[in-house]
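Single-letter residue listing:
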Amino acid sequence: MAPRLPPPRSCDTFVALPPAAAGSRVIFGKNSDRPSDEVQEVVFFPGAAHPPGAALQCTYLEVEQAERTHAVVLSRPAWLWGAEMGANEHGVCIGNEAVWGREEVGDDEALLGMDLVRLGLERADTAEKALTVIVDLLEKYGQGGNCMESHMAFTYYNSFLIADRKEAWVLETSGKYWAAEKVEGGVRNISNQLSITTKIDREHPELKEYAKSKGWWDGKKEFDFAATYSYVDTARMTTSRGRYCEGYKLLNKHKGSITSEIMMEILRDKESGINMEGGFMTTGSMVSVLPQNPDLPCIHFFTGTPDPARSVFKPFIFVPNITQLLKTSSPTFGQDDPVKKQPRFQSKPDRRHELYKKHESAAVVMGTIEEKGKKKNMLKEIQQLEKQKISEMESILQNGRLDINQVVNLFSQCVDEELKIYS
């Protein structure tokens, strides 16, 4: 067995639905907290048709490919196939979290939770269909494998927050067992713990029997998934000092008026620990605006850089003929990639993309006291750029008019504007 890291406390995903969200929109947000030296890229893959019986290589495992996949935009650790978070052309958004519980996590390589995020986005046009895709793949292939680009083992089970224009679902897993909760209004967040209690709208058919067989549930008292499958005191979940509780408080503080800007503010909050610093830090962030009116476009904002407090949320809209997002795409190494060789992770190549490199240099300036004036100006400029883009996106949503030629390179052009500030 490989040496194992202690579980870090990381990642938070949020959703606000009307009436908690303003303007008949669903607002989705996620911070991806990962090792501080890991590069997160923002990449686009168009929809595609595949021949019957085609195979698909995920991070570790080969699975059967779907005959049709949807266009997706993903924020992902650059070394793997899947994604920490992303969206598809139908307005489905997914983020996942590491969770641990009573069921021990093995070392066997299977599908990573991040692979399941991408597979759900590529194969489903609604949130509930994405849930079905994920649990079917979980049943067939299992979940597992090292979740970090290191010879140190970092393994976990996963929870997912899945949203579309109408509703959201929380899906939480323990091995092959799972429970799902439907969210149709208000706010919901997930963090690094099981959080589904007694409101279970879908479940693995053997979920309760398995718990009984392990002696975790007597079959008499009301079934509480989080309490049964982990060690969480569910009566204290929203009153303890953990990040799940802090996220819950921040969402409820803004209930009724949550916008994309409010969600960005929550993701930038350092006092709560949601914007994480240290050996594990926030390496990428995402906010999506999903209008309930199907005639309006969904707008997805990604940073592609660490620490949202000094990053720009850049907008992306699905339209035809989008090209690859070159300046947020990391170098590829083909079959020479140390992730693909056995034994894995014997070396670590430089995966920094162009935006990451320039942002990294700028972050040094922004963190240096001697450069105080320059730091202030740079922060002010990137904040102004973000406000300008949010205002432009709001105008599109208010007017209901979308110039496809103007937005086809929307994200890439914003990256170019950000790079100019750093240089």
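This report concerns the structure included in the present document.

Reading guide: rules and limits
- Residues numbered from 1 in each chain as written.
- Predicted model: local features only at pLDDT ≥ 70, side-chain atom pairs only at ≥ 80, totals over all residues.
- Heavy atoms only, no water.
- Salt bridge = Lys/Arg side-chain N within 4 Å of Asp/Glu carboxyl O.
- Helix = DSSP H or I, 4+ residues; strand = E, 2+ residues; numbered from the N terminus.
- Buried < 20%, exposed > 50% of the residue type's maximum accessible area, 1.4 Å probe, protein only.
- Contact = heavy atoms within 4.5 Å.
- Polar contact = N/O pair within 3.5 Å; in protein donor to acceptor, adjacent residues only side chain to side chain.
- Pairing = 2+ DSSP bridges.
- Axes fitted to C-alpha atoms, helices over the stretch in contact; angles between N-to-C directions.
- Disulfide = S-S within 2.5 Å.

**Comments concerning the pattern of salt bridges**
Counted under the stated rule, the structure contains 31 salt bridges. Glu417 is the salt-bridge partner of Lys389, the closest N and O atoms lying 3.0 Å from each other. Linking Lys389 in helix α8 (residues 372–399) with Glu417 in helix α10 (residues 410–422), this pair joins segments that are 28 residues apart in sequence. Residue classification places Lys389 among the buried residues on the basis of a relative accessible area of 6%. The exposure class assigned to Glu417 is partly exposed, which follows from its relative accessible area of 27%. Residues participating in the shared-partner salt-bridge network are Lys270, Glu277, Asp307 and Arg310.

**Some thoughts on the environment of Gln143**
With respect to the helices, strands and loops of the structure, Gln143 is situated in the loop between α2 (127–141) and β11 (157–163). Residue Gln143 is classed as buried on the basis of its relative accessible area of 12%. Each C-alpha atom of the pair Gln143 and Val105 lies 9.2 Å from the other, and the pair is 38 residues apart in sequence. With residues up to four places along the chain from it excluded, the contact list for Gln143 reads Ala110, Leu111, Leu138, Tyr156, Tyr157, Asn158, Thr173 and Gly175. Only 2.9 Å separates the side chain of Gln143 from the side chain of Asn158, close enough to count as a polar contact. At 2.9 Å, the side chain of Gln143 forms a polar contact with the side chain of Thr173.

**Quick look at the pairing of strand β16 (residues 280–291)**
In terms of burial, β16 is a largely internal element, 12 of the 12 residues being buried. Bridge count for strand β2 (residues 25–35) against β16 is 11 bridges, and the pairing is antiparallel. Looking at β16, one finds that Pro35 is bridged to Phe280. Where β16 lies against strand β17 (residues 299–302), four bridges are found, and the strand directions are antiparallel. Across the sheet, the residue bridging to Val289 is Ile299, located in β17.

**Remarks on the sheet that holds strand β10 (residues 93–99)**
One open sheet holds the eight strands; their spatial order is β3-β8-β9-β10-β11-β12-β13-β15, and the pairing between them is antiparallel. Bordering the open sheet on either side are β3 (40–45) and β15 (202–203), each of which pairs with just one other strand. Of the pairings in the sheet, the one linking strand β13 (residues 177–183) to β15 comprises two bridges and is antiparallel in character. Looking at the pairing, Ala180 lines up with Arg202 of β15. Relative to the sheet, helix α1 (residues 113–123) contacts β3, β8 (72–77), β9 (85–88), β10 and β11, its axis offset from that of β10 by approximately 165°.

**Some words on helix α6 (residues 260–267)**
With six of its eight residues buried, α6 lies for the most part within the structure. Among the residues of α6, Ser260, Ile262, Met263, Met264, Ile266 and Leu267 are the ones counted as buried.

**With respect to the state of the cysteines**
Defined simply, a disulfide is a covalent bond joining two cysteines at their sulfur atoms. Here the structure, examined in full by the defined rule, presents zero disulfides. Here Cys11 stays unpaired: no disulfide links it, and the sulfur of Cys147, its closest cysteine neighbor, is 11 Å away. Look at Cys11 and you get buried, because its relative accessible area is 5%. Free of any disulfide, Cys93 has its nearest cysteine sulfur in Cys298, 6.9 Å distant. The buried category is assigned to Cys93, whose relative accessible area is 0%.

**Observations concerning the sheet that holds strand β18 (residues 314–316)**
Pairing within the open sheet is antiparallel, and its six strands lie in the order β14-β1-β2-β16-β17-β18. Looking along the sheet, the strands with just one partner apiece sit at the ends: β14 (186–190) and β18. The mean angle between the axes of side-by-side strands here comes to 15°, regardless of whether they run parallel or antiparallel. As paired elements, strand β1 (residues 12–17) and β14 share five bridges and run antiparallel to each other. Paired with Val15 across the strands is Arg188, a residue of β14.

**A few points about the environment of Val43**
You can see Val43 is positioned in strand β3. When the C-alpha positions of Val43 and Asn252 are compared, they lie 32 Å apart, and in sequence the two are 209 residues distant. Setting aside chain neighbours within four positions, we find Val43 in contact with Val72, Val73, Leu74, Arg76, Gln324, Leu325 and Ser329.

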